[in-house]
Amino acid sequence: RTLATSALLDPYPDVQRESCALIHALSLLCPTAVRMNATSLLVPFTGRADGGGRGAAARNKCLFRHRHAKTRAKAVSASAAIVLCCPRSSSGGCVADVDDASAAAATVDPEGSAFVSTRGSKSSSIEQVLHDALLPSWESLMTTDSATVQIEVLRAVGRFSSYSDRCVSSDREMPIHAAVETRALSLLLSGLSTGRAAQVRSTALQILRGQRTDAEKRLTGGGGLDFPKERFAAYFKSTLELSIEECSRDRLTFQASVCSLETLQVVLCIAISSIGGGALSLSEGDGEAILQALVMSSQHEDREVLEAAMSTCCVIGGGNQSSIALLSAVPFGELSQELEGVEVPELTPRQKTSLLLIVDGLMKGQLDNTDALSILKGVDEAITLPDCDWFASTSAQRIISSLFCAAHDRVATNATLAWALLDACDSFVKCVGRYNQCNEESLGLDDRVMVQVLTCIVFLLSCPDDFGTAPKMLRILQVFTATQSIASDEGTLLDVHFRSVAENILVNTSRSFPWKPRDPSFLALDALLRACRGSTTGSNFDLLAPFFIGHLTALGGEPKRDIDADEYSLRITLMSLLQTILSDGSFFQNSAPIGQRDTVADAFKSDLTTDVILSLVIPNIVWSSGGMSAALRKLSIATLFSLLSRYGKVHRQNEGDCASLKLETVAHLIPILHSNLDDGDATTRELTCVCLAFTLVQTTPAMMVTISEDNSKVLGNLQSRLTDMLDDSSNPVRIAACGALDELLELAHSTSKLSTYGLGAGALRDTCKTLLVHESDSDHPDVQSKVAVTLAKLLSRYQDNVDVRCNDIQKPNPFSMRN
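Some words on the overall build of the protein
Then, number 1: Within the protein, the secondary structure is distributed over 41 helices and 2 strands.
Then, number 2: In the protein, 73% of the contacts between residues at least 6 apart in sequence involve partners at least 24 apart.
Then, number 3: Accessible surface computed for the protein: about 35,300 Å², of which carbon and sulfur atoms make up 49%.

Regarding the pattern of salt bridges
Then, number 1: As enumerated under the stated definition, the model contains 18 salt bridges in all.
Then, number 2: Residue arginine 398 is joined to aspartate 446 by a salt bridge in which the shortest nitrogen-to-oxygen separation is 3.2 Å. Here arginine 398 is found in helix H22 (residues 394-407), whereas its partner aspartate 446 is found in the loop between helix H23 (415-438) and helix H24 (447-461), with 48 residues between them in sequence.
Then, number 3: By sharing partners, the salt bridges in this structure join Glu245, Glu246 and Arg249 into a single network.

Thoughts on the packing of helix H20 (residues 349-367) against H23
Then, number 1: Contact geometry for H20 and H23: axes closest at 9 Å, N-to-C directions at 25°. Put simply, H20 runs roughly parallel to H23. As H20 runs across H23, the sense of the crossing is left-handed. For the pair H20 and H23, contact is made by Pro349, Lys352, Thr353, Leu356, Leu357, Asp360, Met363, Lys364, Gln366 and Leu367 and by Thr416, Leu417, Ala420, Leu421, Asp423, Ala424, Ser427, Phe428, Lys430, Cys431 and Arg434, respectively.
Then, number 2: Looking at side-chain class alone, the contact of H20 with H23 contains 11 nonpolar, 4 polar and 6 charged residues.

Description of the packing of aromatic side chains
Then, number 1: For the structure on display, the rule yields 11 aromatic pairs.
Then, number 2: For the pair phenylalanine 391 and phenylalanine 428, a centre-to-centre distance of 5.2 Å together with 70° between the ring planes defines the contact as edge-to-face. Separated by 37 residues along the polypeptide, phenylalanine 391 in the loop between helix H21 (370-377) and H22 and phenylalanine 428 in helix H23 bring together distant segments of the chain.
Then, number 3: Its relative accessible area of 1% is what places phenylalanine 391 among the buried residues.
Then, number 4: A centroid spacing of 6.1 Å and a plane angle of 70° characterise the contact between phenylalanine 404 and phenylalanine 428, whose relative ring orientation is edge-to-face. Within this pair, whereas phenylalanine 404 is found in helix H22, its partner phenylalanine 428 is found in helix H23, the two being separated by 24 residues in sequence.
Then, number 5: Among the residues examined, phenylalanine 428 registers a relative accessible area of 0% and is labelled buried.
Then, number 6: Here a set of aromatic residues connected by ring pairs shows up, and it is made of Trp515, Phe522, Phe541, Phe547 and Phe548.

Regarding the environment of alanine 233
Then, number 1: One can find alanine 233 in helix H13 (residues 229-234).
Then, number 2: Residues alanine 233 and leucine 280, spaced 47 residues apart in sequence, show a C-alpha to C-alpha distance of 7.3 Å.

Observations concerning the side chain of serine 77
Then, number 1: With respect to the element layout, serine 77 can be found in helix H6 (residues 69-84).
Then, number 2: Taking relative accessible area as the criterion, serine 77 reaches 16% and is therefore assigned buried.
Then, number 3: Leaving out residues up to four positions away in the same chain, serine 77 has contacts with His24, Glu152 and Arg159.

Focus: the side chain of serine 260
Then, number 1: Structurally, the position occupied by serine 260 is in helix H15 (residues 254-272).
Then, number 2: Under the relative-accessibility criterion, serine 260 is labelled buried at 7%.
Then, number 3: Beyond its immediate stretch of four places on either side in the chain, serine 260 contacts Glu246, Cys247 and Arg251.

Notes on the packing of helix H35 (residues 682-697) against helix H38 (residues 731-749)
Then, number 1: The N-to-C vectors of H35 and H38 enclose an angle of 20°; their axes lie 8 Å apart at closest approach. With respect to their mutual orientation, H35 and H38 come out roughly parallel. With respect to the hand of their crossing, H35 and H38 are arranged in left-handed fashion. Each of Ala682, Arg685, Glu686, Cys689, Val690, Leu692, Ala693, Leu696 and Val697 in H35 lies in contact with H38, whose residues at this interface are Pro732, Val733, Ala736, Ala737, Gly739, Ala740, Glu743, Leu744 and Leu747.
Then, number 2: For the contact of H35 with H38, the per-class residue count stands at 14 nonpolar, 1 polar and 3 charged.

A closer look at the nonpolar core
Then, number 1: In this structure, Trp138, Phe404, Phe428 and Phe548 are the most contacted members of the largest nonpolar core, which totals 224 residues.
Then, number 2: Among the elements that take part in this core, H23 stands out by supplying 11 residues, more than any other.
Then, number 3: Excluding residues within four positions of it along the chain, phenylalanine 548 makes contact with Leu529, Phe541, Leu574, Leu577, Leu578, Ile581 and Leu616.

Brief notes about H21
Then, number 1: Every buried residue of H21 is listed here: Ala372, Ile375 and Leu376. Seen from one end, H21 has its buried residues packed into an arc of 95°, which puts them on one side.
Then, number 2: Those residues of H21 that are buried lie in contact with helix H11 (198-209), H15 and helix H17 (303-317).

Quick notes on the environment of threonine 39
Then, number 1: As for its position among the elements, threonine 39 is in helix H4 (residues 38-46).
Then, number 2: For threonine 39, a relative accessible area of 3% puts it in the buried group.
Then, number 3: In this structure, the C-alpha to C-alpha distance between threonine 39 and valine 83, residues 44 residues apart in sequence, is 9.7 Å.

Overview of the environment of leucine 188
Then, number 1: Tracing the backbone through its elements, the reader meets leucine 188 in helix H10 (residues 175-190).
Then, number 2: Between the C-alpha atom of leucine 188 and that of alanine 204, which follows or precedes it by 16 residues, the distance is 5.5 Å.
Then, number 3: Excluding residues within four positions of it along the chain, leucine 188 makes contact with Leu154, Val157, Ala204, Ile207, Leu208 and Gln211.

What counts, and where the lines are drawn
- Residues numbered from 1 in each chain as written.
- Predicted model: local features only at pLDDT ≥ 70, side-chain atom pairs only at ≥ 80, totals over all residues.
- Heavy atoms only, no water.
- Helix = DSSP H or I, 4+ residues; strand = E, 2+ residues; numbered from the N terminus.
- Contact = heavy atoms within 4.5 Å.
- Areas by Shrake-Rupley, 256 points an atom, 1.4 Å probe, with all protein chains shown as cover.
- Salt bridge = Lys/Arg side-chain N within 4 Å of Asp/Glu carboxyl O.
- Axes fitted to C-alpha atoms, helices over the stretch in contact; angles between N-to-C directions.
- Parallel < 35°, antiparallel > 145°, perpendicular 65-115°, else oblique.
- Left-handed = near helix turned anticlockwise from the far one by under 90°.
- Nonpolar A, V, L, I, M, F, W, Y, C, P; charged D, E, K, R; others polar.
- Phe/Tyr/Trp six-rings, centres within 6.5 Å; stacked < 30°, edge-to-face > 60°.
- Buried < 20%, exposed > 50% of the residue type's maximum accessible area, 1.4 Å probe, protein only.
- Core = buried A, V, L, I, M, F, W, Y, C linked by side-chain atoms within 4.5 Å.
- Arc of directions from axis to C-beta.

Set out below in structure tokens:
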């Protein structure tokens, strides 16, 4: 009693340590006296005042929280000596040698970290004291960074376990005994975690070896294990549930959270190893509880806790049954994909990130079981891990790809989610490659899985540049393509599955046109078109054309004067995307997707070309004032340039002759292009002249006669404006105007009917004189050369209609004399 009220509360650490030593000696000499005062003796150790309260003074003098590790270690040893003096429980649930009233007077603290009896002269059973007072305190001490204290705790648990085996072997089915044994085994297993010091792991393993049955000890020399297999199997379920519960608690320190996760790792690792032998499996409820605990741990603010959670996922990924049990608990599993009408709750980006990290950890465990082997190596070299092939299951692949599909919609605005998804995709691709390397047959992915994974890759490619995900995602795509049987000239997997991925983005969305430029689906489609070859895009343009036409139709055709900057931004983005795909040299090649050759119609037949030009380009070329309008007009003319130049070139290669545009197309193009010849931007004027030349090349004389009949001044005005542009301040514009003028004169020469529409002898004579003037411009030889060629063609075509006198040719210019 003096020790409890005075010596153990002495302010000097040496006195406290000597008091602990004295208690240890008294427990051996007179255990009855220690047992009768066990309650009062435990108060200084646990910090609980009599009656269950926790006073400030007792809290400050708690020996288990002493600042010196040596004192805490002495306190653990003394507390174990005290509890061993207590009586054991009887088979009827009462305390031996203590009346029922004394047992009923025992009070269990709601926090579960101390035992207090209202009678100082009596005590409860050894199990009750351990369960209510000491084991919770010892569990807290295992989270300290002192190996000395941890070793002392393990030794204390070992002393109790030995006592329990001798005294209560007939009462193993008692609930209180099972609870105590579970907590004791959990403490010993936590000592085997890789985060412990070598001395701690050695002590824990030594104590566990001592708990083997006689039969297990006899088998040790003949190839048996140095591990209490029967004891672990008997308390596996309860130990697992306790470990999960500890991981789910909101800990005060990150060390406690890490310790709980490491204990769970040991329990799961031993269960999936050869010790479990397949008999120790996780139930559906276990998978859900583990998933919830891992999600909470992965959201912890300390990096150490996140790393411990990822290591736990890797350990689980090393087992087939454990991995499937955890994947089945993922909210976006087969249930949400197979059953119609099932409402799946929307998860937050943070929850999706956690789930992706967990799935990524599982796949990393499938690839490398180093974490599990490092734990088992410290237990017994004879323990092995079974072959792990859960990833080959179609159901597992579908759960993973469904989670990818559920998470990719927010990656463009959440860098953390984007990187978590990228790492998961990387692990997925590596698992596919690993399977193909280890097996004769390649892993045939389900079509839905393939499309969902590729769609996820496309969304990651659409992330902002400052995320830094796109370059790495491209490398992952190349590796993924290499794992499949695809020829090098067929492009990547995105080229092979382009149509399915594009439909997944365009069709499987609730958004109606027009989309916003920063809409995730818009960004994803943009990334898809830029990542694929031009021939792939061209062969599937019948799927893409409605996307462009639908947007501009929803916007109302031509830009209005009062439209806002957002609509201009959308129009510019659409034109930029269209110009990018049209400018690809292989866009007009008839290259259908693999497996669909000869079934997909040629994307650029005459009618579709007309639709694209009329519906997409021409409305945005119409001149209007303003800087945004000028930018849109310039980009649209560049798009028209790509379209006309590639279209004519391909038809010349395939048919040996230039293709002709439709009459309605030319009738719209020529006046609008004519109006853009007065644009203030030199590049726009140059592109306009070039587009005019391409348009005239692809226009037949009969079409031009029809257009002139409807508008008799169109040819004369165009010829006059092109002639005037030879005086433009920009040399590239002068050269382009000269080329357009040459094509116009060629078209006019092909039929005499056009001479009555502004291209008579007088107009030709004036044009010839203007060309002579500019042909003498020796300061700009590139312009001079182009004008000379045009002038030569004009003279050769109209020898009878153009009267050119010798004195009109400037003699000082030798180049003119040759012409």
